[in-house]
Amino acid sequence: MTSFFRGKISFAFKLVALLLIASVLITLTQSAVAQGEYFIAAFLGITVFLLALTYLTKVSIPLKFFLPGILLLVAFVLSPIIFTVTMSGYNYKTGNIISKDEAILQIQNRAFEPDANGTSFDIKIGRYQAQEALLVSDSVNNAFFISTVRDRIPLNPADLTINEYGVAESAPDFAVLSDSEMANADKLYSGKRFTYQDEYFIALEGFEVGIVSRQVLSFDAEKDQFNNIITGEVYTDNGKGNYAIADNPDQYLEPGWRAPVWFENYTKLFTEERLRGPLISVFIWTVTFASLSVLTTFALGLLLALALNKPIRGRRVYRSILILPYAMPSIMSILIWGGMFNTEFGAINNLLGTDIAWFQNALFAKFAIILVNLWLGFPYFYLVSSGALQAIPSELLEAAAIDGANPRQIFRRITLPLLLQILSPLLIASFAFNFNNFNLIYLLTGGGPRAELDGELAGATDILISFTYKIAFGSSVQDLGLASAISLVIFLLVAGISLYGLRKSKVLESFQ
Amino acid sequence: MITWLRTNAWRHALVISVCLFSLFPLYLVVISSFNSTGSLRLDSFIPREISFANYKMLFNDPAIPYLTWMKNSLVVAGATAILSVTIGSASAFAFSRLAFKGRKTGIQMLLLVQMFPAILAISAVYVIMERVYTFAPSIGLGTQAGLLLIYLGGAMGVNIWLLKGFVDSIPKELDEAAKIDGASAVQTYWLIFMPLAAPVLAVVSLLSFIGTFNEFILARLFLVDMESRTVAVGLQQFIGGQYSENWGPFAAGSIIASVPIVIIFLSLQKYIVNGLTAGSVKG
Amino acid sequence: MTKKRLGAVGVIAAAAIAVSGLFVPSANANNTIVVWADGDRGPNLEKVLKEKGDWVSGYTITVKSFSNFDALKDAFDKATDASGPDIVMGANDWVPTGAKSGKLAPITLTASQKARFTAGQLFDLTYKGKLYGVPVDVNNVAMIYNTDLVKTAPKTFGEMVALYKANKASKGLKAGLCVAGGGMSWGAHSIFSALGADAYQFDSRDKIVYNRSFNGTTFGKNVRTHLLDGKKSNGFLPASDAGCKDNFLDGKVPYAIIGNWEWKDYVAKGFTMNLMPVPGVVANKPGKMFGSVSGALLTTFAAKHGVEAGAKSLLTNFFGSTDGQVRYQKVEGRPPAEKGAALDATVSAAQRGFGAAATLSSLPQIGAFLNNNAGGANYWDSAPAYWTAVLVDGKDAVVEGNKLAAIWRANTTAGKADL
């Protein structure tokens with residue numbers, strides 16, 4: 001067996017596996033380059049290089065164990081985080097989401113207005129003297145003409161085939177596009193301006209209709225500004241991601257683009273009273289909620305693990321029932337609990353014979369949240385605690401019993417400290433998870449109760465992540481830049497608390 | 001009798017009351033699944049009607065490929081569980097057993113990374129997968145393979161932490177002995193560590209499986225095609241209409257969907273609880 | 001050994017490049033219009049397009065159905081032109097955000113195309129003077145009553161309260177009027193309105209008045225008279241919509257507000273579609289309900305994908321045409337927006353009933369005002385908060401009513417800029 005890992009067969013096997021993986025990755029790299037996705041291409045290229053380097057040479061033994069994990073983390077966890085953090089330096093919000101080039105393009109696309117009467121014509125698209133042309137039927141004036149980008153050629157109705165709706169079907173020298181030509185027509189005809197009269201031109205609105213429009217805005221790339229051709233107004237880059245009139249900043253063109261605002265999103269957190277106040281109270285509740293959740297779920301889980309640590313009758317059945325909350329899709333359970341707490345029709349008030357408005361009262365709502373989270377979380381701690389209990393060497397416990405310690409002493413002096421040592425990474429991870437337990441809050445109380453009528457921004461049960469989510473993906477204005485800034489602050493806070501907890505619990509000291 | 005009361009009665013009393021606590025909401029889900037009006041039945045414990053309409057809908061309506069969703073969930077969650085534990089356990093082993101520079105920093109970084117409020121990073125993940133889609137449609141947006149990759153990335157932090165905790169509890173004597181016998185780190189990992197850790201890996205796989213099976217925020221963004229949806233996404237269709245909700249089929253579907261998890265749990269029960277002893281000194 | 005391995009690295013690299021040369025990424029020819037829709041509309045659209053798919057010659061149309069409406073919105077918020085749709089079936093309040101953010105593209109309808117819709121419907125999908133899609137279905141609610149409990153249609157709000165009080169004990173009623181569809185903000189607007197609190201005010205010529213709100217004191221007093229018993233709720237109107245549908249179907253609630261997307265459930269339980277607006281405090285002044293449209297919206301991605309003209313043709317030929325809407329609403333079952341389709345013989349009695357209720361008392365759903373939160377909270381958050389404050393927390397109906405009026409006034413004033 002040992003020889004398998006050393007021998008030539010193993011090496012050949014490894015070589016073939018790597019060859020396959022590398023060829024797939026290189027293919028992907030090529031296609032990525034072809035599509036202009038250079039970041040991804042670079043990542044894939046480096047991946048191939050690292051894979052070969054790690055598994056074919058002896059540069060680093062630990063890297064052989066780490067590499068796949070690291071690569072996945074970088075691709076799908078680290079890089080999105082870096083992107084998000086970068087966005088906190090931009091005014092990345094509704095109205096300022098796309099890049100500047102894209103915004104200019106969009107403004108140009110919208111820079112037209114239809115003529116005062118909203119004139120429209122039935123058209124046929126085709127070719128005239130090898131140019132893209134429209135056969136236009138002006139049914140109001142019973143006039144017909146061919147329009148190309150350069151010319152407008154009047155037609156005599158007598159020369160045309162006109163259908164029962166008064167629309168010209170064909171004209172001399174005008175070749176209506178065949179079905180196969182229609183395939184590319186969109187790219188050729190959309191966005192072209194077909195001649196009409198004066199500054200007005202005909203633009204395609206679908207394949208059957210042409211609209212008479214004129215240009216209102218024109219872009220001056222050299223000066224980086226838009227000019228209103230009709231009124232003479234000038235829109236310049238206002239440095240905040242919009243083209244605006246210099247002396248009337250409220251007059252700006254849409255859409256805007258994401259422009260760097262550096263630390264503005266961060267300073268807002270401290271200077272705007274509307275944000276600062278709620279942030280502090282929300283932070284306090286977040287820490288309370290996360291701590292209480294970990295404590296209650298761990299306590300109940302451990303208690304159950306202790307109770308079932310002995311072969312008692314029905315243990316298998318008990319275990320299967322206890323895992324059920326974990327097996328049920330959590331969205332279902334949370335919403336069911338939400339319904340159970342309903343004041344008028346909820347099962348809990350029915351059961352207790354009360355008429356408590358659970359989610360309208362801050363204290364009751366908080367209690368409900370902790371209770372539901374206990375229901376959702378205790379099976380996990382039951383599972384890991386029973387595993388950990390088994391992992392405690394029985395010799396230790398036996399030795400203590402021989403020394404005359406009673407069960408309670410054994411539990412407090414030996415079992416619990418050992419358990420905590422084994423489980424503290426999980427406890428800390430659970431704290432971190434609950435700190436950001438968005439689903440529970442969002443689906444159960446939505447962060448409420450909140451005194452909306454008194455203008456409060458955050459609800460009594462809002463935790464930082466649900467509060468941030470409202471800012472980032474709210475219904476009317478989505479401010480991802482500000483939300484990113486808050487999330488970075490959250491991150492620093494929770495990281496600080498957790499690192500402190502780790503130091504305290506001495507988990508890290510087991511590393512030499 | 002008195003000893004029984006002292007040693008076992010409290011156990012039964014505690015466990016039974018917690019079992020009731022567990023079952024109470026689930027019972028209401030069951031009642032709702034037999035309710036044909038599509039709302040949650042939360043006001044009474046006696047079902048007012050027993051209608052199988054919701055169950056029939058899941059299995060007979062050609063527009064609702066429930067069994068396909070089920071298969072997709074099993075495939076995606078199964079693959080995530082197996083791959084993430086395989087990859088994660090290698091890293092956990094290295095963190096636990098190998099000496100190298102930056103180990104402490106590494107494990108701290110790992111913990112910190114998973115504390116970032118991931119829900120905000122979803123937009124960025126979406127854009128990445130969208131770009132991947134433009135050159136590799138088979139692993140980009142809308143594919144199970146792409147979702148699997150995201151899950152694997154996301155699961156790394158948690159799994160490595162979970163596994164490391166258990167690896168630490170496996171006595172070092174064993175692999176040190178192997179080292180003296182001249183085994184390399186890779187050999188120690190495959191030949192000594194893996195067999196010892198198998199039960200632990202089973203537990204972590206199960207946790208990972210359950211977590212993935214129930215995940216819906218990412219899945220509903222990424223798996224759009226009816227045929228590629230997972231159960232969690234597929235069932236969402238019933239609740240979250242523009243102004244309406246239809247809870248009946250959702251409840252019925254959730255009940256059926258939790259069956260495989262319970263079965264897997266039951267079949268792995270021995271591993272999960274007793275199996276961990278394999279890691280003790282006696283092993 | 002090391003040398004040999006380094007050699008192997010070279011071999012691998014060379015071989016991998018050779019193998020990878022075998023797969024050449026295919027260039028994709030694009031003549032497909034991609035439509036995104038939610039879990040209800042998507043599959044129905046697909047069905048209709050399968051029956052007849054040649055709405056735009058030379059193009060194939062694919063429909064991508066998301067699992068639900070929220071998932072669709074999430075994806076559309078995040079999509080870029082790499083994968084975004086050419087047309088998205090969205091709500092009217094997507095228009096301002098989508099247009100501001102450069103995700104939606106304007107279209108121009110001809111005079112005859114415009115004539116197929118009401119001015120209000122087009123206004124719903126307009127942002128700063130430009131139209132961003134065509135109206136497809138009408139979303140509204142109407143009040144339905146249980147004929148076993150209510151013999152004649154009520155004429156005033158007070159009549160309904162009186163009936164509830166008289167039968168509360170004998171019939172075991174759980175509530176008088178409850179909201180089964182549309183929630184305590186959107187669906188409940190007609191109750192607000194019946195009691196005197198409209199989301200925004202119109203002058204005598206039906207023009208919006210931006211700097212005025214409803215009279216908070218009058219509204220609060222109406223709430224006191226009809227919904228309260230001293231400081232406590234008299235049980236007529238529950239503060240939440242949970243359980244309403246079941247209780248109505250069980251005969252425990254005489255009046256309910258239901259949505260036009262779920263009438264089939266009520267018909268199945270044997271209820272007649274006796275739909276009407278919520279009566280006001282005086283006769284013949286019914287509460288106004290939101291009548292909003294969902295539309296097929298054109299995206300800026302269509303131009304990027306080179307299918308702009310095709311997408312525009314699809315909007316006018318299919319989504320906005322009588323034939324298209326008749327075919328689609330036959331499957332979907334919502335009231336069609338297009339005038340010709342609304343008059344079509346295939347439209348059901350219930351679809352007509354909702355349409356009739358809407359013509360009696362309908363209010364355009366103006367996202368610019370309702371989504372605005374200049375007053376401290378938007379309409380969607382502040383409306384249910386009022387019911388909670390007064391019916392649950394026992395706060396003063398007049399004081400809270402004045403707060404609500406101030407919030408809505410501020411939102412309307414600020415929202416004017418977004419019209």
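What you are looking at is a predicted structure, and each value in this text was computed from that prediction instead of being measured.

Undergrad: Would you explain the overall build of chain C in this entry?
TA: Helices and strands together make up the secondary structure of chain C, namely 20 helices and 16 strands. Residue burial in chain C is summarised as follows: out of 419 residues, 60% are buried. For chain C, the proportion of contacts with a sequence separation of at least 24, taken over those separated by at least 6, is 78%. As presented, chain C carries roughly 15100 Å² of accessible surface, and 55% of it is formed by carbon and sulfur atoms. Charge-centre separation for chain C: the mean point of 46 positive side chains lies 3 Å from the mean point of 34 negative side chains.

Undergrad: What should I look at first to understand the pairing of strand E16 (residues 248-252) of chain A in this one?
TA: Look at any regular strand and the pattern is simple: side chains alternate between the two faces of the sheet. Residues and elements named next belong to chain A. Where strand E15 (residues 243-245) and E16 come together, two bridges link them in antiparallel fashion. Looking at E16, one finds that Ile245 is bridged to Asn248. The antiparallel hairpin formed by E15 and E16 contains two residues in its connecting segment.

Undergrad: Mind showing me how you'd approach the packing of aromatic side chains here?
TA: The relation between two aromatic rings is expressed through the spacing of the ring centres and the mutual angle of the planes. Within the structure shown, the criterion is met by 71 aromatic pairs over all chains. Pairing Phe438 of chain A with Tyr469 of chain A gives two aromatic rings, centres 4.4 Å apart and planes at 45°, and the pair type is tilted. Of this pair, Phe438 of chain A sits in helix H14 (residues 438-444) while Tyr469 of chain A is found in helix H15 (residues 464-473), placing the two residues 31 residues apart along the sequence. The class of Phe438 of chain A is buried, set by a relative accessible area of 5%. Grouped by ring-pair contacts, the aromatic residues Trp337, Phe341, Trp358, Phe359, Phe364, Phe367, Trp375 and Phe378 of chain A together with Phe21 of chain B constitute a single cluster. The ring of Phe201 of chain A has Arg193 of chain A lying over it, and the distance from NZ or CZ to the ring centre is 5.1 Å. Positioned above the aromatic ring of Trp55 of chain C is the side chain of Lys52 of chain C, whose terminal nitrogen or guanidinium carbon lies 4.6 Å from the ring centre.

Undergrad: Mind showing me how you'd approach the sheet that holds strand E15 (residues 292-298) of chain C here?
TA: Adjacent strands of a sheet form backbone hydrogen bonds with each other and so pair up, either parallel or antiparallel. All names here are of chain C. The strand order across the open sheet formed by five strands is E2-E1-E3-E15-E6, and the pairing between neighbours is mixed. The open sheet has two free edges, formed respectively by strand E2 (60-65) and strand E6 (133-139), since each of these has just one partner strand. In this sheet, neighbouring strand axes are inclined to one another by 25° on average, regardless of whether the strands run parallel or antiparallel. Bridge analysis of E6 against E15 gives six bridges, and the strand direction is antiparallel. Looking across to E15, one finds that Pro135 is bridged to Gly295. With respect to the sheet, helix H2 (residues 41-51) is in contact with strand E1 (32-37), E2, strand E3 (87-91), E6 and E15, its orientation differing from that of E2 by roughly 160°.

Undergrad: What exactly am I supposed to notice about the pattern of salt bridges here?
TA: Side chains that differ in charge, positive against negative, can pair when their charged atoms come close. If you walk through the whole model with that rule in mind, you get 28 salt bridges over all chains. A salt bridge links Arg220 of chain B to Asp74 of chain C; the shortest N-O distance between them is 2.5 Å. Taken together, the residues Arg220 of chain B in helix H9 (residues 217-222) and Asp74 of chain C in helix H3 (residues 69-78) connect one chain to another. Members of the salt-bridge network, linked through shared partners, are Arg127, Glu132, Glu181 and Lys192 of chain A.

Undergrad: Looking at this structure, I do not really get the side chain of Thr300 of chain C. What am I missing?
TA: With respect to the helices and strands, Thr300 of chain C occurs in the loop between E15 and helix H13 (301-304). Apart from residues no more than four positions distant in its own chain, Thr300 of chain C is found in contact with Gln106 of chain A together with Gly102, Lys103, Leu104 and Ala105 of chain C.

Undergrad: How do you make sense of unusual backbone geometry when you look at a structure like this?
TA: Excluding glycine, residues mostly carry a negative phi; peptide bonds, for their part, are mostly trans. Residue and element names in this part refer to chain A. With an omega of 0°, the peptide bond between Glu254 and Pro255 qualifies as cis. Secondary-structure assignment places Pro255 in the loop between E16 and helix H6 (264-271). Non-glycine residue Asn142 carries a positive phi angle of around 50°. Assignment of secondary structure puts Asn142 in the loop between strand E3 (131-138) and strand E4 (143-148). In this structure, Trp262 is a non-glycine residue whose phi angle is positive, near 55°. For Trp262, the location among the structural elements is in the loop between E16 and H6. Judged by relative accessible area, Trp262 falls into the exposed class, the value being 61%.

Undergrad: Looking at this model, I keep getting lost on the domain arrangement of chain C. Mind explaining?
TA: The accessible area lost on association of the parts is a frequent measure of interface size. Residues and elements named next belong to chain C. Assigned domains within chain C: domain 1 (32-138 + 293-362) and domain 2 (141-290 + 366-418). Contacts between the two partners involve 21 residues from domain 1 and, on the opposite side, 22 residues from domain 2. Inspection of the domain 1/domain 2 interface yields zero salt bridges. Linking domain 1 to domain 2 there are two residue pairs in polar contact (both at pLDDT 80 or more). For the side of domain 1 that touches domain 2, the elements supplying multiple residues, two or more each, are helix H15 (322-332) and helix H17 (349-360). For the side of domain 1 that touches domain 2, the leading source of residues is H17, giving seven residues. The class makeup of the residues in the side of domain 1 that touches domain 2 is ten nonpolar, six polar and five charged.

Undergrad: What is the right way to look at the state of the cysteines in this model?
TA: In protein chemistry, a disulfide is the covalent bond that joins the sulfur atoms of two cysteines. All names here are of chain C. Inspection of the entire model under this criterion finds one disulfide over all chains. Disulfide pairing places Cys178 opposite Cys244 at an S-S distance of 1.9 Å. Sign of the S-S torsion, about 75° for the bond between Cys178 and Cys244, identifies this disulfide as right-handed. Of this pair, Cys178 sits in strand E8 (residues 177-179) while Cys244 sits in helix H11 (residues 244-249), placing them 66 residues apart in sequence. Each member of the pair, Cys178 as well as Cys244, carries the same accessibility label: buried.

Undergrad: Help me understand the interface of chain B and chain C, please; the structure alone is not making it clear to me.
TA: The interface is formed by 33 residues belonging to chain B together with 36 residues belonging to chain C. Summed over both partners, the interface of chain B with chain C buries about 2700 Å², with 50% contributed by carbon and sulfur atoms. Inspection of the chain B/chain C interface yields one salt bridge. There are six residue pairs in polar contact (both at pLDDT 80 or more) connecting chain B and chain C. Secondary-structure elements contributing two or more residues to the side of chain B that touches chain C are helix H5 (118-135), H9 and helix H10 (231-236) of chain B. It is H5 of chain B that provides the largest number of residues to the side of chain B that touches chain C, a total of eight residues.

Undergrad: What exactly am I supposed to notice about the interface of chain A and chain B here?
TA: On the chain B side, the residues contacting the 110 residues of chain A number 98 residues. Between chain A and chain B, a total of about 9700 Å² is buried, with carbon and sulfur atoms accounting for 79% of that surface. Applying the counting criterion to the chain A and chain B interface returns one salt bridge. Arg131 of chain B serves as the salt-bridge partner of Glu37 of chain A, at 3.4 Å between the closest nitrogen and oxygen. Between chain A and chain B we count eight residue pairs in polar contact (both at pLDDT 80 or more) in total. Considered class by class, the residues forming the side of chain A that touches chain B number 78 nonpolar, 22 polar and ten charged.

Undergrad: Looking at this structure, how should I read the packing of helix H3 (residues 66-97) of chain B against helix H4 (residues 103-113) of chain B?
TA: Helices that pack against each other are described as a pair by the angle of their axes relative to one another and the distance between those axes. Residues and elements named next belong to chain B. Where H3 contacts H4, the two axes come as close as 10 Å, and the packing angle between them is 135°. On the basis of their axis angle, the class for H3 and H4 is oblique. Of the two elements, H3 crosses H4, and the hand of that crossing is left-handed. Taking contact as the criterion, the partners of Ala94, Phe95, Ser96 and Arg97 in H3 are, on H4, Arg103, Gly106, Ile107 and Leu110. Here the contact of H3 with H4 is built from residues that sort into four nonpolar, two polar and two charged.

Undergrad: How should the domain arrangement of chain A be read in this particular structure?
TA: For chain A, the assigned domains are domain 1 (2-87), domain 2 (112-215) and domain 3 (267-510). For domain 1 of chain A and domain 3 of chain A, the distance between their C-alpha centroids amounts to 37 Å.

Undergrad: Before we go on, may I ask you to explain a nonpolar patch on the surface in this structure?
TA: On the surface, Val16, Leu20 and Ile21 of chain A cluster together into a nonpolar patch covering about 280 Å² of accessible area. Here Leu20 of chain A is to be found in helix H1 (residues 8-34).

What counts, and at which threshold
Residues numbered from 1 in each chain as written. Chains lettered and ligands numbered in written order. Predicted model: local features only at pLDDT ≥ 70, side-chain atom pairs only at ≥ 80, totals over all residues. Heavy atoms only, no water. Helix = DSSP H or I, 4+ residues; strand = E, 2+ residues; numbered from the N terminus. Buried < 20%, exposed > 50% of the residue type's maximum accessible area, 1.4 Å probe, protein only. Contact = heavy atoms within 4.5 Å. Areas by Shrake-Rupley, 256 points an atom, 1.4 Å probe, with all protein chains shown as cover. Lys, Arg positive; Asp, Glu negative; His and termini not counted. Charge placed at Lys NZ, Arg CZ, Asp CG, Glu CD. Pairing = 2+ DSSP bridges. Phe/Tyr/Trp six-rings, centres within 6.5 Å; stacked < 30°, edge-to-face > 60°. Lys NZ or Arg CZ within 6 Å of the ring centre and 35° of its normal. Axes fitted to C-alpha atoms, helices over the stretch in contact; angles between N-to-C directions. Salt bridge = Lys/Arg side-chain N within 4 Å of Asp/Glu carboxyl O. Domains from an automatic or database assignment. Polar contact = N/O pair within 3.5 Å; in protein donor to acceptor, adjacent residues only side chain to side chain. Nonpolar A, V, L, I, M, F, W, Y, C, P; charged D, E, K, R; others polar. Disulfide = S-S within 2.5 Å. Buried area = accessible area lost by both parts, 1.4 Å probe. Parallel < 35°, antiparallel > 145°, perpendicular 65-115°, else oblique. Left-handed = near helix turned anticlockwise from the far one by under 90°. Patch = residues over 30% accessible without salt bridge, like charges linked within 9 Å, V, L, I, M, F, W, Y side chains within 5 Å.

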